[in-house]
Amino acid sequence: MLGWLLATMGTAALGSVFPLVNIELYLLGVVSSVNSVSWWALAVAAAFGQLIGKTLFFFAGRGSFRLGERLMRKTDTSNSRWTEWLHSFHRRTEERPLWGTLVLFATSIPGIPPFTLMCFLSGAAGLPLLTFWIACLAGRTLHFFLITGAPELLSLLPAGG
């Protein structure tokens, strides 16, 4: 059991950085073929793995890596809509940290690519690390509960005739 949970965390962490690794397909395969691990434990392991990977984007947004520094320098000298939106998000998040947290939480549930961008922007906007972790962990856990619980919920439906 522990091996499956660690493998799930590792796959989720890898998939959060390299989008070619699809954690949702991995989870559906494990849930449907491994009986020794509960679906909810796999969901929590996947959420923690994603949190590990997405924290790298958060720190990049803070300027902890050269990528973050370059992107922030570029946005400071640009007058594009992207730059205006970034500064608007930063200002709103500073004024109302709960707003930034809720936006991050909302994008973490569906897990669409803007979630990765939101992780970066949350770091750039100065969202506290603990707040970032709580919002991401809550949203991603809900996301993975939906993914891993789906096969069991489908099995409860009446068979068509």
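Worth saying up front: this structure is predicted, and the values here are computed from it rather than measured.

### Things to note about the overall build of the protein
Stage number 1. In terms of regular secondary structure, the protein is built from 8 helices and 0 strands.
Stage number 2. Reading the helices (α) and strands (β) of the protein from amino to carboxyl end gives α-α-α-α-α-α-α-α.
Stage number 3. Counting over 161 residues, the protein shows a buried share of 37%.
Stage number 4. When the accessible surface of the protein is summed, it comes to about 9,200 Å², and 69% of that surface belongs to carbon and sulfur atoms.

### Digging into the packing of helix H2 (residues 23-33) against helix H3 (residues 39-61)
Stage number 1. Between H2 and H3, whose axes approach to 11 Å, the crossing angle comes to 155°. Considering their axes alone, H2 and H3 lie roughly antiparallel with respect to each other. H3 is crossed by H2, and the crossing has right-handed handedness. Counting all contacts with H2, which are made through Ile 23, Leu 27, Val 30 and Val 31, the residues of H3 involved are Trp 39, Leu 42, Ala 46 and Gln 50.
Stage number 2. Its residues assigned to classes, the contact of H2 with H3 comprises 7 nonpolar, 1 polar and no charged.

### A few points about the pattern of salt bridges
Stage number 1. Applying the stated criterion to the full structure yields 2 salt bridges.
Stage number 2. A salt bridge links Glu 24 to Arg 140; the shortest N-O distance between them is 3.9 Å. Here Glu 24 is found in helix H2, whereas its partner Arg 140 is found in helix H8 (residues 129-155), with 116 residues between them in sequence.
Stage number 3. You can call Glu 24 partly exposed: its relative accessible area is 22%.
Stage number 4. Residue Glu 95 is joined to Arg 96 by a salt bridge in which the shortest nitrogen-to-oxygen separation is 4.0 Å.

### Points about the nonpolar core
Stage number 1. If you look at the biggest cluster of nonpolar residues, it comprises 17 residues, and the most contacted ones within it are Leu 104, Cys 119, Leu 121, Phe 132 and Cys 136.
Stage number 2. Residue assignment for this core shows that the elements contributing at least two residues are H3, helix H5 (81-95), helix H7 (114-124) and H8.
Stage number 3. The element contributing the most residues to this core is H7, with 6 residues.
Stage number 4. Core analysis: the second largest hydrophobic core is formed by 15 residues, Leu 5, Ala 41, Ala 45 and Ala 47 among them.

### Regarding the UniProt feature "transmembrane region" (unreviewed entry) in the protein
Stage number 1. On the UniProt side, "transmembrane region" (unreviewed entry) is annotated at positions that read residues 39-60 and 98-124 here.
Stage number 2. Taken end to end, residues 39-60 is 100% helix and 0% strand, and its first and last C-alpha atoms sit 32 Å apart.

### Some points on the environment of Val 17
Stage number 1. Positionally, Val 17 belongs in helix H1 (residues 2-17).
Stage number 2. Non-local contacts of Val 17, meaning those with residues more than four positions away in its chain, are made with Gly 53, Leu 56 and Phe 57.

### Some points on the environment of Val 31
Stage number 1. Along the chain, Val 31 turns up in helix H2.
Stage number 2. For Val 31, a relative accessible area of 18% translates into the label buried.
Stage number 3. Sequence separation between Val 31 and Pro 151 is 120 residues; the distance between their C-alpha atoms is 7.8 Å.
Stage number 4. Here Val 31 is in contact with Trp 39, Leu 42, Thr 148 and Pro 151, once residues within four sequence places are set aside.

### Things to note about the side chain of Thr 55
Stage number 1. Secondary-structure assignment places Thr 55 in helix H3.
Stage number 2. Look past the residues within four positions of Thr 55 in its chain and what remains in contact with it is Leu 129, Phe 132 and Trp 133.

### With respect to a nonpolar patch on the surface
Stage number 1. Judged by side-chain polarity, Leu 130, Trp 133 and Ile 134 come together as a nonpolar surface patch covering roughly 310 Å² of accessible area.
Stage number 2. Of note, Trp 133 is situated in helix H8.

What counts as what
Residues numbered from 1 in each chain as written. Predicted model: local features only at pLDDT ≥ 70, side-chain atom pairs only at ≥ 80, totals over all residues. Heavy atoms only, no water. Helix = DSSP H or I, 4+ residues; strand = E, 2+ residues; numbered from the N terminus. Buried < 20%, exposed > 50% of the residue type's maximum accessible area, 1.4 Å probe, protein only. Areas by Shrake-Rupley, 256 points an atom, 1.4 Å probe, with all protein chains shown as cover. Axes fitted to C-alpha atoms, helices over the stretch in contact; angles between N-to-C directions. Parallel < 35°, antiparallel > 145°, perpendicular 65-115°, else oblique. Left-handed = near helix turned anticlockwise from the far one by under 90°. Contact = heavy atoms within 4.5 Å. Nonpolar A, V, L, I, M, F, W, Y, C, P; charged D, E, K, R; others polar. Salt bridge = Lys/Arg side-chain N within 4 Å of Asp/Glu carboxyl O. Core = buried A, V, L, I, M, F, W, Y, C linked by side-chain atoms within 4.5 Å. UniProt positions renumbered as here; feature names shortened; annotations may be inferred. Patch = residues over 30% accessible without salt bridge, like charges linked within 9 Å, V, L, I, M, F, W, Y side chains within 5 Å.

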